[in-house]
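Notes for the structure review
Here are the chains, one letter per residue:
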Amino acid sequence: RTRNFRKEYLYLEWNLKETVMDNYDNMTPEELYNLGQQYEWGLGKEQDYEKALRLYQLASDQNHIEAAKCLSLMVEEGRGCDPDPALASALWPNE
């Protein structure tokens, strides 16, 4: 059976939208990535894996390679979502 990674990614995206209410529309991919780092590691912010995951996802959608790698690793390890190694592999950027 073939998995529909795009469908799963969209589910992950919509599921996270309900948990992150901040507006990040005016931020650059680099700013989104840096803020994601702060939330992932609790650097000046309360640690929040769901927010970090969403921020990495937004930056990754704008072709930020490091954000895509962080997103993939978080999905693989189940930080902020259910662990899913296959989906994580599909999210890993092709450099």
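As shown above, the structure is provided for reference.
Worth saying up front: this structure is predicted, and the values here are computed from it rather than measured. Residue indices follow the written sequence of each chain, beginning from 1 at its first position. Only residues with pLDDT of at least 70 are given local features in this predicted model, and only at 80 or more are side-chain atom pairs given and counted; all residues enter the totals for whole chains, interfaces and linings. Hydrogens are left out, water is left out, and the side-chain values use all remaining heavy atoms of the structure.

1. Side note on the side chain of Ser60
The residue Ser60 is located in helix H3 (residues 49–61) in this model. Only protein chains enter the calculation, and the probe is 1.4 Å; a residue is then buried if its accessible area is under 20% of its type maximum, exposed if over 50%, and partly exposed in between. The class of Ser60 is buried, set by a relative accessible area of 17%. For this analysis, residues touch if any pair of their heavy atoms sits within 4.5 Å. Those residues in contact with Ser60, other than ones at most four positions away along the chain, are Ala67, Ala68 and Leu71. A helix here means a DSSP run of H or I that spans at least four residues, while a strand means a run of E at least two residues long, and both kinds are numbered starting from the N terminus.

2. Details of helix H2 (residues 29–41)
The end-to-end C-alpha separation of H2 is 18 Å, in line with the 18 Å expected for 13 residues at 1.5 Å each. Listed in full, the buried residues belonging to H2 are Leu32, Tyr33, Leu35, Gly36, Tyr39 and Glu40. Taken end-on, H2 shows its buried residues confined to a sector of 165°, consistent with a single buried face. Here the buried face of H2 lies against H3 and helix H4 (65–77). Looking one or two residues past H2, Gly42 carries a phi angle of roughly 70°, positive in sign. What a helix is expected to span follows from its residue count: subtract one and scale by 1.5 Å. The directions from the helix axis to the C-beta atoms are what the arc is built from.

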